[in-house]
Amino acid sequence: MEFLEQEHWGEGDTVVVRNRVRFRARATGQEVDALIMQLITVRNGRMLECLPFYWDPSAIADACTCQPLSD
């Protein structure tokens, strides 16, 4: 995964991060550019939880799914 852009907002223990990323799916070799929003909870300087939200989850699923060979 390559991070192309990143912005973040928040203060205290909760941060929202917007990432534009490019990745190559191992299963298919297909490349996808995607937007991901993450809700991150931090405690004592460590990431406690990270909840990713994919802007286009079907594009991610399609890239990761091998298609059957046609006859």
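Residues numbered from 1 in each chain as written. Predicted model: local features only at pLDDT ≥ 70, side-chain atom pairs only at ≥ 80, totals over all residues. Heavy atoms only, no water.

A. How the structure looks around the nonpolar core. Residues Val21, Phe23, Ala25, Val32, Ala34, Ile36, Ile60 and Ala63 constitute the largest nonpolar core, which totals 8 residues. Counting only elements with at least two residues in this core, the list comes to strand 2 (14-24), strand 3 (31-43) and helix 1 (57-64). It is strand 3 that contributes the most residues to this core, 3 residues altogether. (Core = buried A, V, L, I, M, F, W, Y, C linked by side-chain atoms within 4.5 Å. Buried < 20%, exposed > 50% of the residue type's maximum accessible area, 1.4 Å probe, protein only. Helix = DSSP H or I, 4+ residues; strand = E, 2+ residues; numbered from the N terminus.)

B. Broad picture of the pairing of strand 4 (residues 46-54). In terms of strand pairing, strand 3 meets strand 4 through 8 bridges, oriented antiparallel. Paired with Thr41 across the bridge in strand 4 is Glu49. Between strand 3 and the antiparallel strand that follows it, strand 4, lie 2 residues; Asn44 among them carries a positive phi value of about 55°. (Pairing = 2+ DSSP bridges.)

C. Geometry of the environment of Ala63. Topologically, Ala63 is positioned in helix 1. A relative accessible area of 0% places Ala63 in the buried class. Here the alpha-carbon distance between Ala63 and Gly10, two residues 53 residues apart in the chain, equals 32 Å. Once residues within four sequence positions are removed from consideration, Ala63 is found in contact with Ala25, Thr28, Gln30 and Val32. (Contact = heavy atoms within 4.5 Å.)

D. Structural context of the side chain of Asn19. Structurally, the position occupied by Asn19 is in strand 2. At 2.9 Å, the side chain of Asn19 forms a polar contact with the side chain of Gln38. Setting aside anything within four residues of it in sequence, one finds Asn19 in contact with Phe3, Glu5, Gln6, Ala34, Leu35, Ile36 and Gln38. (Polar contact = N/O pair within 3.5 Å; in protein donor to acceptor, adjacent residues only side chain to side chain.)

E. Here's a closer look at the sheet that holds strand 4. Read from one edge of the open sheet, 4 strands run 1-2-3-4, paired in antiparallel fashion. Here the strands that pair on one side only, and so sit at the sheet edges, are strand 1 (2-11) and strand 4. Neighbour-to-neighbour, the strand axes of this sheet turn through a mean angle of 25°, independent of strand direction. The sheet contact formed by strand 2 and strand 3 spans 11 bridges and is antiparallel. Bridge assignment links Phe23 to a residue of strand 3, and that residue is Val32. Against the sheet, helix 1 makes contact with strand 2, strand 3 and strand 4, and its axis sits at roughly 115° relative to strand 3, the strand it touches most. (Axes fitted to C-alpha atoms, helices over the stretch in contact; angles between N-to-C directions.)

On their own, these measurements won't tell you what the molecule is for.
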